[in-house]
Amino acid sequence: PIYEFDAVYSNHSLEHLSNTDKVMDEVWRMLKPKGKFMIRVPHAHGSLSFIHPGHLKFFTANTIWFYTSEGLSKNPKFRTLRKRLNFIFYVPPDKLRWKGRLLRQLVTPINWIINLSPTLYERTGILPADEIEWELEVIK
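Quick look at the structure, then. Worth saying up front: this structure is predicted, and the values here are computed from it rather than measured. (Residues numbered from 1 in each chain as written. Predicted model: local features only at pLDDT ≥ 70, side-chain atom pairs only at ≥ 80, totals over all residues. Heavy atoms only, no water.)

## So, the overall build of the chain
Where we set the bar: Secondary structure elements follow DSSP: runs of H or I no shorter than four residues count as helices, runs of E no shorter than two count as strands, and numbering proceeds from the N terminus. Each radius of gyration is computed over the set of C-alpha atoms, and the globule rule expresses the reference value as 2.2 Å times the number of residues to the power 0.38. Burial here depends on accessible area, computed with a 1.4 Å probe over protein chains only, as a share of the maximum for the residue type. Under 20% is buried, over 50% is exposed, and the range in between is partly exposed. The criterion used for residue contact is that any of the two residues' heavy atoms lie within 4.5 Å. Residue-level accessible areas treat just the shown protein chains as cover; the underlying method is Shrake-Rupley with a 1.4 Å probe. Positive: Lys, Arg. Negative: Asp, Glu. His and the chain ends are not part of the count. Taken as the charge location is NZ of Lys, CZ of Arg, CG of Asp or CD of Glu.
When helices and strands are counted, the chain shows 4 helices and 4 strands. When the elements of the chain are put in sequence order from the N terminus, they spell out β-α-β-α-β-α-α-β. For the chain, whose C-alpha radius of gyration is 16 Å, the value lies close to the compact-globule estimate of 14 Å for 140 residues. Summarising its shape, the C-alpha atoms of the chain cover approximately 45 × 35 × 30 Å along the three principal directions. Within the chain, buried positions represent 35% of all 140 residues. Across the chain, the fraction of contacts at a sequence separation of at least 24, relative to all contacts at a separation of at least 6, is 76%. With an accessible surface of roughly 8,600 Å², the chain has 62% of that area assigned to carbon and sulfur atoms. Considering the chain, the positive charge centre built from 20 side chains and the negative charge centre built from 14 side chains are found 2 Å apart.

## Quick word on the pattern of salt bridges
Here is the rule: Just to be clear on terms, a salt bridge is a Lys or Arg side-chain nitrogen sitting within 4 Å of an Asp or Glu carboxyl oxygen.
Taken as a whole and assessed by the stated rule, the structure comprises 9 salt bridges. Where Arg79 meets Glu137, a salt bridge forms, and the shortest distance between an N and an O atom there is 3.2 Å. Of the two residues, Arg79 is situated in strand β3 (residues 78-86) and Glu137 in strand β4 (residues 131-138); the sequence distance between them amounts to 58 residues. Note on Arg79: relative accessible area 30%, which makes it partly exposed.

## A few points about the sheet that holds strand β2 (residues 31-42)
Within a beta sheet, neighbouring strands are joined by backbone hydrogen bonds and run either parallel or antiparallel to one another. Here is the rule we go by: Strand pairing follows a simple DSSP-based rule, namely that at least 2 bridges must link the two strands. Here an angle of 0 to 180 degrees is reported between the N-to-C directions of two axes, which are lines fitted to C-alpha atoms, with helices fitted over the stretch in contact.
Read from one edge of the open sheet, 4 strands run β1-β2-β4-β3, paired in mixed fashion. The sheet is open, and its two borders are formed by β1 (5-11) and β3, each paired with just one other strand. In this sheet, neighbouring strand axes are inclined to one another by 10° on average, regardless of whether the strands run parallel or antiparallel. One ladder, built from 7 bridges, connects β2 with β4; its direction is antiparallel. Bridge assignment links Lys36 to a residue of β4, and that residue is Glu137. Packing of helix α1 (residues 20-30) onto the sheet brings it into contact with β1, β2, β3 and β4, and relative to β2 it is tilted by some 145°.

## Points about the pairing of β4
Burial of β4 is extensive: 7 of the 8 residues sit out of reach of the surface. Bridging between β3 and β4 involves 8 bridges; their strand directions are antiparallel. Pairing of Arg82 across the sheet is with Glu135, part of β4.

What follows is the structure, encoded as structure tokens:
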């Protein structure tokens with residue numbers, strides 16, 4: 001490849017693209033060995049994932065398994081370094097007013113609990129998460 005990158009960051013964009021397989025292949029091609037792919041998408045069970053008419057795909061905690069060594073891929077291109085569900089959409093602290101900072105503190109224990117077992121949490125259907133984050137590492 002002409003250009004190789006250390007990292008690619010996708011923030012609430014994969015859900016707008018029709019072919020996740022092609023996107024994952026292209027990101028894999030662009031990244032250097034051990035390069036990082038950080039992904040943030042709305043969670044499929046969260047109501048906010050359905051309100052945008054441009055959302056073409058829906059993601060759960062295990063959707064990325066199809067591309068990783070831990071999951072269902074026969075020829076994995078990535079390794080999962082981190083997976084996290086967020087009960088409410090992440091907003092950088094400097095963008096929050098005092099009410100937002102207080103809300104963030106109140107949901108911190110919920111985020112901790114749901115991330116003990118994201119798959120089990122999803123099966124309960126209680127208080128759906130708003131988004132999922134992954135940090136993946138390229139396997140080359």
